[in-house]
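# Examining the three-dimensional arrangement
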Amino acid sequence: MNNRQLFLSHLAQTTDFPLMIEIERAEGVYMYGPDGKSYLDLISGIGVSNVGHRHPKVLEAIREQLDKYLHLMVYGEYVQSPQTLLAKALCETLPSHLDNVYLVNSGSEAVEGALKLAKRFTNRREIISCVNAYHGSSHGSLSVGGNEIFKRAYRPLLPGIKNVVYGSFHQLEEITENTAAFIVETIQGEAGIKVSCSQYFQALRKKCDETGTLLILDEIQAGFGRTGKFWAFEHFGIVPDILVCAKGMGGGMPIGAFIANKEIMGVFKNNPLLGHITTFGGHPVSAVASLATIKVIQEEDLLEQVEAKANLFKKLLVHPKIKSIRNKGLMMAVEFESFEVLKPIIDRAIEKGVITDWFLFCDDAMRIAPPLVITEEEIEKACGVILEAVEGEG
């Protein structure tokens, strides 16, 4: 049996129509099939490869760690320099009171930890999230998701969840002294790159302060430079109580985190002790890859390049079939008339070697979220292929 047959026979499937692209190797913004065909990756493995595939500095850090140790003990017991140095580097990107990092394996796990932390600290049970939010697929993270299609088959989920409209000022009145946390994506990703205004976030922050509600910002997609700031909340003049991150954090390795201050995080130590547990969270290989990723973003000035690269996409992607382009930095949604128009365009672009996608809750928009290291020449090439696909060529 070849790899494609093995894939269908023995790997659990998530749809009846997987992309079935076979990749043998990857580097930078490109992935390569067994036949040598190249694919320019415009979605970064869904927001993961912010510094590109197999960045040399990430690989170097991984190789050095392989010669030291792999997993040693469940998280939080042994002093491991990959974890401590990563936590320090993360805190240095943040306002001073966000000084405590809990390392996990993924975005869903980070959300789970953040929800538990908010309920434990406030001793409240109600959580508010947003319509068309996506926070993950495990039971707790799915509970605070905002799309019923994905939830209905798995009910009952967590009780006490309210959904409000992202960006709605009047629905902030739903936040009360019964609310443990308001969890929100700083930039709504799967809704098709929906961006609210600074006034909304400041009003949200004020309402949370007035009611003693913890504000959880989910930056699983928006963090690590994706929007042109290291953290997307920097655009809006607020700071969360709990910050959730993953995806672009690991340079291609699995890792996530939720971050708060020491007082809030301290409730996990008692009543009960070990209030949150992970075996593999902060795995040393993933931790060194994440630390290297932070250094690459900072040392290669990737943040300073994001806006110009996004503007180049917007300048080049002009066509009567393109209705609009929404973005915050290199987190972009290119809107078409419908999914029926968009899907053949995506398919033709893939056939011509450029990988894009759509959004879970916005299937009339093309997802563009390339590695931040993409060059102007590569952007021009990708946009040329997309426009050919829009014209029906390929």
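All values reported here derive from a predicted model rather than from experimental measurement.

Time to look at the nonpolar core. In this structure, Phe182, Leu204, Phe258 and Phe313 are the most contacted members of the largest nonpolar core, which totals 121 residues. Top element by residues in this core is helix H10 (residues 284–299). It accounts for nine residues. In contact with Phe313, not counting residues within four places along its chain, are Leu42, Leu330, Met332, Ile368, Pro370, Ile374, Ile379 and Cys383.

So, about the environment of Thr93. Structurally, the position occupied by Thr93 is in the loop between helix H4 (81–92) and strand S4 (100–104). Taking the C-alpha atoms as reference, Thr93 lies 17 Å from Gln221; in sequence the two are 128 residues apart. Look past the residues within four positions of Thr93 in its chain and what remains in contact with it is Phe230, Trp231 and Gln298. A polar atom in the side chain of Thr93 sits 2.6 Å from the backbone oxygen of Leu90.

What follows concerns a nonpolar patch on the surface. Residues Tyr134, Ile149, Phe150 and Leu360 make up a contiguous nonpolar surface patch of roughly 370 Å² in combined accessible area. Tracing the sequence through the fold places Leu360 in the loop between strand S14 (357–359) and strand S15 (362–368). Since its relative accessible area comes to 41%, Leu360 is described here as partly exposed.

Attention now moves to the environment of Pro82. Structurally, the position occupied by Pro82 is in helix H4. C-alpha separation for the pair Pro82 and Leu291, spaced 209 residues apart in sequence, amounts to 7.9 Å. In contact with Pro82, not counting residues within four places along its chain, are Gln65, Tyr69, Pro284, Ala287 and Val288.

So, about the sheet that holds strand S11 (residues 324–328). Judged by pairing direction, the sheet is antiparallel, and its four strands sit side by side in the order S11-S12-S15-S14 without closing on themselves. Every interior strand has two partners, whereas the edge strands, S11 and S14, have only one. In this sheet, adjacent strand axes meet at a mean angle of 35 degrees when their direction is disregarded. Two elements, strand S12 (residues 331–335) and S15, share four bridges in a ladder whose sense is antiparallel. Bridge pairing in S15 places Met332 opposite Ile368. Strands in contact with helix H12 (residues 339–351) are S14 and S15; relative to S15, the strand with the most contacts, it is inclined by about 35 degrees.

About the criteria used
- Residues numbered from 1 in each chain as written.
- Predicted model: local features only at pLDDT ≥ 70, side-chain atom pairs only at ≥ 80, totals over all residues.
- Heavy atoms only, no water.
- Core = buried A, V, L, I, M, F, W, Y, C linked by side-chain atoms within 4.5 Å.
- Buried < 20%, exposed > 50% of the residue type's maximum accessible area, 1.4 Å probe, protein only.
- Helix = DSSP H or I, 4+ residues; strand = E, 2+ residues; numbered from the N terminus.
- Contact = heavy atoms within 4.5 Å.
- Polar contact = N/O pair within 3.5 Å; in protein donor to acceptor, adjacent residues only side chain to side chain.
- Patch = residues over 30% accessible without salt bridge, like charges linked within 9 Å, V, L, I, M, F, W, Y side chains within 5 Å.
- Areas by Shrake-Rupley, 256 points an atom, 1.4 Å probe, with all protein chains shown as cover.
- Salt bridge = Lys/Arg side-chain N within 4 Å of Asp/Glu carboxyl O.
- Pairing = 2+ DSSP bridges.
- Axes fitted to C-alpha atoms, helices over the stretch in contact; angles between N-to-C directions.

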